[in-house]
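Structure assessment
The chain contents come next:
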Amino acid sequence: MPTFEKMINKNDLVTYCLRIADTSLILGQRLGEWCGHGPILEEDIALTNISLDCIGQARGFYTYAAALEGTGKTEDDLAYLRDEREFQNLLIAEQPNGDFGQTIMRQFLVSAFQYYFFEELKNSKDKTIAALAEKSQKEVSYHLRHSSAWVIRLGDGTDESKKRMEKAIDELWMYTGDMFDMDETDATLIKESIAVDTKKIKQLWENKIREVFAEASLTVPENIFMMSGSREGKHTENLGFILAEMQSLHRAHPGAEW
Amino acid sequence: MSIKNLTEEELEKRFHDRIEKGEIIEPKDWMPERYRKQLIRMMSQHAHSEVVGMLPEGNWITRAPSLRRKAVLLAKVQDEGGHGLYIYCGTETLGISREEMLDGFLTGKAKYSSIFNYPTLNWADMGAIGWLVDGAAIVNQTVLAKCSYGPYSRAMVRICKEENFHHKQGYEILATMMKGTDAQKQMAQDAINRFWWPSLMMFGPSDKDSPNSGDLLKWKVKLFSNDELRQRFIDRTVPQAENIGIKLPDPLLKWNEAKGHYDHGDINWEEFYNVINGRGPCNKQRMKQRRDAHINGEWVRDAVVAHEEKKKSEKVAA
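Cut-offs used in this document
- Residues numbered from 1 in each chain as written.
- Chains lettered and ligands numbered in written order.
- Predicted model: local features only at pLDDT ≥ 70, side-chain atom pairs only at ≥ 80, totals over all residues.
- Heavy atoms only, no water.
- Contact = heavy atoms within 4.5 Å.
- Buried area = accessible area lost by both parts, 1.4 Å probe.
- Salt bridge = Lys/Arg side-chain N within 4 Å of Asp/Glu carboxyl O.
- Polar contact = N/O pair within 3.5 Å; in protein donor to acceptor, adjacent residues only side chain to side chain.
- Helix = DSSP H or I, 4+ residues; strand = E, 2+ residues; numbered from the N terminus.
- Nonpolar A, V, L, I, M, F, W, Y, C, P; charged D, E, K, R; others polar.
- 1 Å grid on protein atoms, 1.4 Å probe; cavity = no way out; pocket = protein on both sides within 12 Å on 5 of 7 lines; lining within 4 Å.
- Points joined across faces, edges and corners; volume = space filled by probe spheres on them.

A few words now on the interface of chain A and chain B. Between chain A and chain B, the contact holds 48 residues from the first and 47 residues from the second. Interface of chain A and chain B: buried area, both sides summed, is about 3900 Å²; carbon and sulfur atoms make up 67% of it. Where chain A packs against chain B, one counts 2 salt bridges. With a closest N to O distance of 3.5 Å, D156 of chain A and K310 of chain B form a salt bridge. Applying the counting criterion to the chain A and chain B interface returns 16 residue pairs in polar contact (both at pLDDT 80 or more). For the side of chain A that touches chain B, the secondary-structure elements that each account for two or more residues are α1 (4-32), α2 (41-69), α3 (75-80), α4 (100-121), α5 (127-155), α6 (159-172) and α9 (238-252) of chain A. With 11 residues, the top contributor of residues to the side of chain A that touches chain B is α2 of chain A. Considered class by class, the residues forming the side of chain A that touches chain B number 19 nonpolar, 15 polar and 14 charged.

Set out below in structure tokens:
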């Protein structure tokens with residue numbers, strides 16, 4: 001019989017895995033919308049490639065969450081049968097693709113976060129989480145390299161591309177604070193050396209953003225109002241539509257095998 | 001004897017002798033202008049088809065009914081894009097740039113496979129495309145892998161390997177659905193009802209109406225006629241359909257013991273020519289999507305050039 005304390009940990013652990021999986025899934029879903037519409041064929045392929053990595057990450061963390069729950073749920077139950085308020089993905093992941101610049105900016109801001117996040121999470125005392133983090137970190141290193149190069153190209157390209165990148169920063173910056181928020185679940189798991197203390201990685205993230213923005217001749221915004229809420233399942237209005245589309249077929253045929 | 005001293009006629013004879021001997025023609029070899037032009041037409045059309053082919057399947061990525069299916073579909077569509085890229089590069093060996101090919105495509109001068117002008121209306125269409133459309137493509141491409149032009153034949157060898165995976169995953173989608181609920185079975189059957197005839201049309205017009213076939217057969221770019229390949233596809237597909245209990249929508253489809261082939265009903269060539277000439281269900285939409293992608297990407301491509309030039313001048317200044 002697990003002790004009461006361990007039970008609490010288990011629920012926290014499930015929540016923690018769901019948060020990571022939700023972020024990857026929703027980001028992957030957004031990137032998947034680009035398929036066939038990229039500015040050049042190479043980028044069409046790159047964006048679907050990143051999307052595929054994201055879906056893979058989500059599957060890994062959902063599968064582990066389902067196993068921890070131990071009620072016979074599958075990765076698909078967790079992805080397709082939870083509602084808007086149950087999803088706890090980072091708010092930035094659900095923001096619209098906008099133009100290619102905005103998609104790249106979103107990717108850069110998230111990938112830079114995930115890079116340091118997974119780097120830390122590799123040291124998790126939970127061996128499964130550590131292994132999933134290690135695999136994810138390898139993929140994210142590529143996403144970060146790819147999106148950094150594009151932020152630089154577009155920031156330092158033409159007047160128009162610079163304006164578009166500035167607009168993208170303006171659209172997205174207010175959702176970056178949410179990435180570093182922590183709650184009781186984080187606190188409990190940090191004590192157990194399972195979760196990442198995002199305070200530790202915030203400076204690294206900021207340094208990376210400054211370094212790339214400097215090369216791209218882009219300015220890091222100061223004193224911007226920050227939205228938060230992902231950890232309570234309080235989303236922007238975007239998520240409902242993403243889920244409506246993503247879950248429609250699965251929910252129309254309860255119990256069907258695909 | 002140096003090639004330089006040969007007349008055009010002698011060169012052409014020498015070229016035909018090489019083809020007859022089964023030799024492979026490489027980019028730097030002498031080739032008749034018509035051979036080069038026909039290959040550019042065929043290969044660029046093939047590349048465009050791969051790229052347009054991303055759209056009907058991309059249409060279902062966000063709605064795939066399970067995470068596994070979503071991942072497989074993403075990987076598949078990515079493969080198609082990769083095939084497009086690979087064949088564009090192969091075509092460039094014939095002395096045409098990707099920009100020129102793209103221009104031909106976006107202005108509507110160059111064609112792409114008509115099959116992609118049909119809409120994908122339910123999830124089983126992902127199965128139908130993998131099983132029938134990629135299945136038909138494999139029959140075509142396995143033969144093209146032995147064609148006389150080196151870069152094309154090598155591209156086909158590589159692409160066929162991936163297409164075989166696509167074919168299997170499509171068939172597996174349908175096999176799973178045919179074992180599922182009544183609604184799933186109906187979806188699967190509906191998809192096949194819509195995609196069967198257009199898949200047969202993928203092999204091109206009947207031999208008697210195929211204007212480009214003569215030269216292509218002579219040059220061993222094509223090794224079998226359209227009708228021969230179509231028959232090969234039908235013969236291998238019918239038993240697969242029976243195996244999962246799906247009906248092919250042709251009441252005249254019947255094994256002919258004497259011929260050793262399946263007989264089949266008449267293809268609606270009027271529909272074929274309508275779709276080729278822009279009067280298909282999704283022609284307008286597909287072209288618009290590709291043109292919009294190109295137009296919306298212009299600022300990105302401009303920025304790449306501007307950035308590269310800045311980098312170059314920085315290097316010069318340093």
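Turning next to empty space enclosed by the protein. All names here are of chain A. With the rule as written, the count across this model stands at 1 cavity of 30 Å³ or more. Volume-wise, the largest cavity comes out at about 190 Å³. The set of elements that each furnish at least two residues to the lining of the largest cavity consists of α1 and α4. Considering only residue class, the lining of the largest cavity consists of 7 nonpolar, 4 polar and 3 charged.

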